[in-house]
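# A structural walkthrough
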Amino acid sequence: MRRTRGSKTEVGVIRIPSLSAIDWLLHGFSTRTGGKSRIYRPSQRAGELNLGFTASDDKASVVANRERFLTAVTGNPHFPMVTLRQIHSSLLREVMARDATLDAGGAKADGMMTSEPGILLAIQTADCIPVLVADRKRQAVAGFHAGWRGTLKRIVENGVGRMRLAFGSKPEDLVAAIGPGIGACCYAVGDEVLAEFESQFSYAAQLFCEVYDSDLIKERYPLPFLAARAQGHGKPGPDLHLDLVEANRRQLLDAGLKLNAISVVGDCTSCQTDRYFSYRAEHGFTGRMLSAIGIRP
Ligand SMILES: [Zn+2]
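A brief report on the enclosed structure follows. (Residues numbered from 1 in each chain as written. Predicted model: local features only at pLDDT ≥ 70, side-chain atom pairs only at ≥ 80, totals over all residues.)

### Overview of the overall build of the protein chain
Just so we agree on the cut-off: By definition, any uninterrupted DSSP run of H or I lasting at least four residues is a helix, any uninterrupted run of E lasting at least two residues is a strand, and each is numbered from the N terminus. Put simply, a residue is buried when 20 or more other C-beta atoms lie within 10 Å of its own C-beta and exposed when 12 or fewer do; between those, it is partly exposed, and each C-beta is set from the backbone. Any residue pair is listed as a contact if its two C-beta atoms, each placed from the backbone, are within 7 Å.
Each helix and strand in the protein chain was counted, giving six helices and 17 strands. Here the protein chain holds 297 residues, and the buried ones make up 44% of them. Long-range pairs, those at least 24 residues apart, make up 64% of the contacts in the protein chain with a sequence separation of at least 6.

Encoded structure:
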């Protein structure tokens with residue numbers, strides 16, 4: 001996976017070759033490097049690129065960080081950007097330039113799409129999985145926020161269907177990128193999450209594994225071994241881990257995208273807190289990244 005940094009701003013932005021190859025497309029996944037925020041790592045010399053209006057960071061830093069990110073992605077620090085008030089739903093909105101906002105505002109939803117040039121759709125995450133989709137032929141884009149609840153509600157699979165309705169998108173014309181998020185290595189979930197997924201997906205077993213945490217070595221076992229899971233309460237045993245990246249890759253495939261049209265960054269935010277914000281690894285005291293996609297003006 002090729003990674004590029006904005007040369008002047010030193011903002012760490014990940015770009016995906018298959019999306020960069022589309023000349024009318026703008027996109028980028030932010031990292032935590034190259035910003036002005038100092039609240040989350042006060043001991044560090046370099047500031048961090050917190051792009052979310054979190055309670056602990058000051059607004060001026062976040063605004064400056066967003067301008068740096070917009071410059072890195074679009075070349076214009078004041079490029080109109082649309083964000084959402086994300087609520088772990090499967091709500092999708094078609095957005096227009098008038099939906100652009102400078103602050104934490106935005107409609108309640110977890111996915112958005114547009115065919116309007118000159119606006120950037122930005123999904124905010126710090127462990128959840130950001131998914132960007134572009135229709136090469138119809139010139140339309142979409143961004144999705146997929147935590148376990150949104151994934152369970154098939155936000156990405158339904159989102160591709162909505163692109164078909166709104167823009168006439170054909171799945172074979174779509175390219176998608178799954179950005180950095182918490183990996184199966186770190187994403188321990190409760191048994192109730194497994195039960196929910198089993199009720200919705202025939203392939204649920206392929207999304208979970210058991211992890212025996214022996215400090216340095218994490219041994220993984222596939223789900224068939226679940227038969228041996230301790231049923232008692234409070235018993236120490238293996239953790240159940242969910243692979244959200246694979247779950248969303250699967251939804252893109254089921255929606256009709258070609259295997260080679262889906263790119264996966266693959267980095268685990270929780271494993272790499274030097275590079276990414278991780279809500280879980282940092283116990284909620286952390287910044288937010290943005291994953292952005294748009295059509296050039
Ligand atoms: Zn990890």
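### Examining the pairing of strand E9 (residues 129–135)
Rules: Two strands pair if DSSP finds at least two bridges between them.
Taking burial as the measure, the seven residues of E9 include seven buried ones, the bulk of the element. Every second residue of E9 is oriented toward a common face, with Ile129, Val131, Val133 and Asp135 on one face and Pro130, Leu132 and Ala134 on the other, all of them buried. With seven bridges connecting them, E9 and strand E10 (residues 140–146) associate as antiparallel partners. Bridge assignment links Ala134 to a residue of E10, and that residue is Val141. With antiparallel pairing between neighbouring strands as the criterion, E9 and E10 make up a hairpin whose turn holds four residues, including Gln139 at a positive phi of roughly 55 degrees. Sheet topology places E9 next to strand E11 (residues 174–178); five bridges connect them, and they run antiparallel. Within E11, the residue paired with Leu132 across the bridge is Ala177.

### Some words on helix H6 (residues 244–254)
Regarding H6, the residues found buried are Leu244, Val245, Ala247, Asn248, Arg249, Gln251 and Leu252. Gly256 occupies a position one or two residues after H6 and carries a positive phi of about 110 degrees.

### Details of the nonpolar core
What counts is decided by this rule: Throughout this description, the term nonpolar core refers to a group of buried Ala, Val, Leu, Ile, Met, Phe, Trp, Tyr and Cys residues whose C-beta atoms join them within 7 Å. As used throughout, domain bounds are those supplied by an automatic or database domain assignment.
By size, the foremost hydrophobic cluster in this structure holds 74 residues, and its most contacted members are Leu120, Leu121, Val131, Val133, Val141, Ala176 and Leu244. Residues lining this core come from more than one domain, with at least three contributed by each of domain 1 (4–185 + 243–295) and domain 2 (188–242). The residues contacting Val141, other than those within four sequence positions of it, are Met113, Thr114, Leu121, Val133, Ala134, Ile293, Gly294 and Ile295.

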